[in-house]
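# Coordinate analysis (summary)
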Amino acid sequence: MAPRAWNARQGPTGVGAEAAPRISPARSPRGSAHSPALKARVRSRFSRSWTRRAPSVFQRRKWFSRGVRLLRGARAAGEGPGEERDATAAALTWSILAHLRRNFLPYGLVTAIAVSVLAPGLGCAVHSLRVHKLSAPGIFLLSGLSLRLEDVRKAVRSPAPLLLGVGLISLALPWSAQVALRWPFLPRDLLCGAAVFLCMPTALSTGVQISAANGGSAALGLLLTVCTNLLSVLTIPFYVSRFLAGWGGNGLEVDAAALFTSLVRSVLVPMAAGSCARAASASVARWADANKAKLSILSACLLILVPLAELSKSVRGGLVLPAAQLAQVTLLGFLFPAVFALVNRTACSLFLSSRTSEDKQARVTVTVTSSLKTLPSAVMVVQKMQEIVPELTGAALVPCMVFHICQTLLVSALASNDLLS
């Protein structure tokens, strides 16, 4: 069927035009809610540089569709051409706010680093109040409140992807910390922070979001997240104490028993308490589901407080981080998740089938979640290590934050371009 043309006064013309509604001369098609010219102008303004399938971390398609709906509503209300700029500006403002809300944590971490370097007084005030000490229990309490056990039960039906993911996350990939510790151009504290981050389990929510947005299974991603983060109470003390003890003559003597006790108190107990509260009360579960976005932002704020306080204290004490060292940390932050993605994709192609759509979803989920590491646990472990090893400075938190931002950008971009399926 030939496409219909648009006549400035008579509406669509050509093949199929007899079934199309006519536009009244009193109202220009420029002001119509369905004007192709109007939609083309808005689309060209918002999507000129977008790819066919934008990275899920930015969710650009969703912003655009909501912005266009807002603009259509304004035009359908009968506003004249003079209000078009206002409606377009409102759509753009909404899109920017949506972007900031969905990427609150990365922007917050960058802001925390900048404030710590430029105005450490604020972070020092937070450190003196010891508010940041409540961050880890608060984060995992909120995670327990948001945990939907019914979604976890769905993923238990297929054990092979679960076992492969747990093996990669908890047993295989943490040994990459030994590679990071052999990087010869960075000081001890930065290498220590990088090694700690590489020993962590998968991210608490990022992996589930990225895999679900790119053809993966949200239930399997959630189950992998829960299992590996609970197992981390045992794996983290083992790996950290083994890798850092006697490391290159500059080893840090880490008490594995003390670290295990801290992890149980800061991770396992709060998460179990939140999960039990959700299971025991239907009203709590409904409240947590209804306020999921707000709880996510609150969790991000709690996490941002830790680097803000610790890094500000170190800067006030004379810490200087050269640009060359920060560039190396950024390079490693992209290099490790790229290697993880390659290893995980190869392992999935060897051990998991791809015959059905469920198999393909499982492969995407295992690859994505196994390529990410969790930041809250890494920050909490560095905090506890500073109590056990006082000479460890706040600079150890910098690789954790940089690695988190780099891995999120890289894995999201790879998944959105079908390179992890």
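In this text, all values refer to a predicted model and were calculated from it rather than measured experimentally.

Let us now look at the overall build of the chain. Within the chain, the regular secondary structure consists of 19 helices and two strands. A buried classification covers 49% of the 421 residues belonging to the chain. Across the chain, contacts joining residues at least 24 apart in sequence account for 79% of those joining residues at least 6 apart.

Moving on, we get to the environment of valine 152. You can see valine 152 is positioned in helix α7 (residues 149-155). Along the sequence, valine 152 and alanine 219 sit 67 residues apart, while their C-alpha atoms lie 5.7 Å from each other. Among all residues touching valine 152, those that are not within four sequence positions of it are Leu147, Leu222, Leu223 and Val226.

Here we come to the pattern of salt bridges. The tally for this structure, following the rule as stated, stands at two salt bridges. Two residues, arginine 188 and aspartate 189, come together in a salt bridge whose shortest N-O distance is 3.5 Å. Taking the relative accessible area as the measure of exposure, arginine 188 reaches 26% and is therefore partly exposed. Under the relative-accessibility criterion, aspartate 189 is labelled buried at 13%.

Right, let's talk about the side chain of serine 371 for a bit. Of note, serine 371 is situated in the loop between α17 (357-370) and α18 (375-388). A distance of 3.0 Å separates a polar atom in the side chain of serine 371 from a polar atom in the side chain of asparagine 344. When neighbours within four sequence positions are excluded, serine 371 is seen to be in contact with Pro337, Phe340, Ala341, Asn344, Gln407 and Val411.

Before going further, it helps to spend a moment on the packing of helix α10 (residues 188-198) against α18. Their axes nearest at 9 Å, the elements α10 and α18 cross at an angle of 130°. In terms of their interaxial angle, α10 and α18 are classed as oblique. With respect to the hand of their crossing, α10 and α18 are arranged in right-handed fashion. Where α10 approaches α18, its residues Cys192, Val196 and Phe197 are matched on the opposing element by Leu375, Ala378, Val381, Val382 and Met385. Grouping the amino acids of the contact of α10 with α18 by side-chain chemistry returns eight nonpolar, no polar and no charged.

Moving on: the confidence of the model for the chain. For the chain, per-residue confidence averages 78 on the pLDDT scale, and 77% of positions sit at 70 or higher. Throughout residues 4-34 the model reports pLDDT below 50, and contacts reaching past four residues in sequence, or to other chains, amount to 44 contacts. This stretch, residues 46-60, has a pLDDT under 50; its non-local contacts, to residues over four places away or in other chains, come to 34 contacts.

Quick look at the packing of helix α6 (residues 135-146) against helix α13 (residues 256-280) now. For any two helices packed against each other, the geometry comes down to the angle between their axes and how far apart the axes lie. Two elements in contact, α6 and α13, have axes separated by 7 Å at closest approach and are oriented at 35°. The handedness of the crossing between α6 and α13 comes out as right-handed. Counting all contacts with α6, which are made through Ala136, Pro137, Phe140, Leu141, Ser143, Gly144, Leu145 and Ser146, the residues of α13 involved are Ser266, Val267, Pro270, Met271, Ala273, Gly274, Ser275, Ala277 and Arg278. Residue composition of the contact of α6 with α13, grouped by class: 10 nonpolar, six polar and one charged.

For glutamine 407, the position within the fold is in helix α19 (residues 397-416). Glutamine 407 has contacts with Phe197, Gly333, Pro337, Ser371, Leu372, Lys373 and Ser412, leaving out every residue within four places of it along the chain.

Once that is clear, we can look at the environment of valine 379. Assignment of secondary structure puts valine 379 in helix α18. Exposure remark for valine 379: the relative accessible area of 2% places this residue in the buried category. A sequence separation of 73 residues divides valine 379 from valine 306, and the C-alpha atoms of the two residues are 7.3 Å apart. Excluding residues that lie within four positions of it along the chain, valine 379 makes contacts with Leu303, Val306 and Leu397.

Phi at arginine 130 is positive, roughly 60°, even though this residue is not glycine. You can see arginine 130 is positioned in the loop between α5 (120-129) and α6.

A few words on the packing of aromatic side chains. In total, this model carries eight aromatic pairs according to the counting rule given. Each ring, one from tyrosine 239 and one from phenylalanine 243, has its centre 5.7 Å from the other, and the planes form 25°; the classification is stacked. Note that tyrosine 239 and phenylalanine 243 are positioned in helix α12 (residues 218-244) at a spacing of four residues, about one turn of the helix. Here tyrosine 239 and phenylalanine 243 have matching classes, each one buried.

In this section: the nonpolar core. Val196, Leu244, Leu263, Val381, Met385 and Phe403 are the most contacted members of the largest nonpolar core, which totals 67 residues. Residue contributions to this core peak at 10 residues, all from helix α15 (residues 292-316). With sequence-adjacent residues up to four places away left out, phenylalanine 403 is seen in contact with Ala194, Phe197, Leu198, Val329, Leu332, Gly333 and Phe336. Ranked by size, the runner-up nonpolar core spans 18 residues in total, among them Leu162, Leu223, Leu352 and Val366.

Listing the buried residues of helix α11 (residues 206-213) in full gives Thr206, Gly207, Val208, Ile210 and Ser211. Once α11 finishes, glycine 215 follows within two positions and takes phi at roughly 90°, a positive value.

With that out of the way, let us pick up a nonpolar patch on the surface. A contiguous nonpolar patch, built from Leu92, Ile96, Leu97, Leu100 and Tyr107 and spanning about 440 Å² of accessible area, is present on the exposed surface. No other element matches helix α3 (residues 84-102), which puts four residues into the nonpolar patch. Tracing the backbone through its elements, the reader meets isoleucine 96 in helix α3.

Conventions and cut-offs
- Residues numbered from 1 in each chain as written.
- Predicted model: local features only at pLDDT ≥ 70, side-chain atom pairs only at ≥ 80, totals over all residues.
- Heavy atoms only, no water.
- Helix = DSSP H or I, 4+ residues; strand = E, 2+ residues; numbered from the N terminus.
- Buried < 20%, exposed > 50% of the residue type's maximum accessible area, 1.4 Å probe, protein only.
- Contact = heavy atoms within 4.5 Å.
- Salt bridge = Lys/Arg side-chain N within 4 Å of Asp/Glu carboxyl O.
- Polar contact = N/O pair within 3.5 Å; in protein donor to acceptor, adjacent residues only side chain to side chain.
- Axes fitted to C-alpha atoms, helices over the stretch in contact; angles between N-to-C directions.
- Parallel < 35°, antiparallel > 145°, perpendicular 65-115°, else oblique.
- Left-handed = near helix turned anticlockwise from the far one by under 90°.
- Nonpolar A, V, L, I, M, F, W, Y, C, P; charged D, E, K, R; others polar.
- pLDDT = per-residue confidence, 0-100.
- Phe/Tyr/Trp six-rings, centres within 6.5 Å; stacked < 30°, edge-to-face > 60°.
- Core = buried A, V, L, I, M, F, W, Y, C linked by side-chain atoms within 4.5 Å.
- Patch = residues over 30% accessible without salt bridge, like charges linked within 9 Å, V, L, I, M, F, W, Y side chains within 5 Å.
- Areas by Shrake-Rupley, 256 points an atom, 1.4 Å probe, with all protein chains shown as cover.

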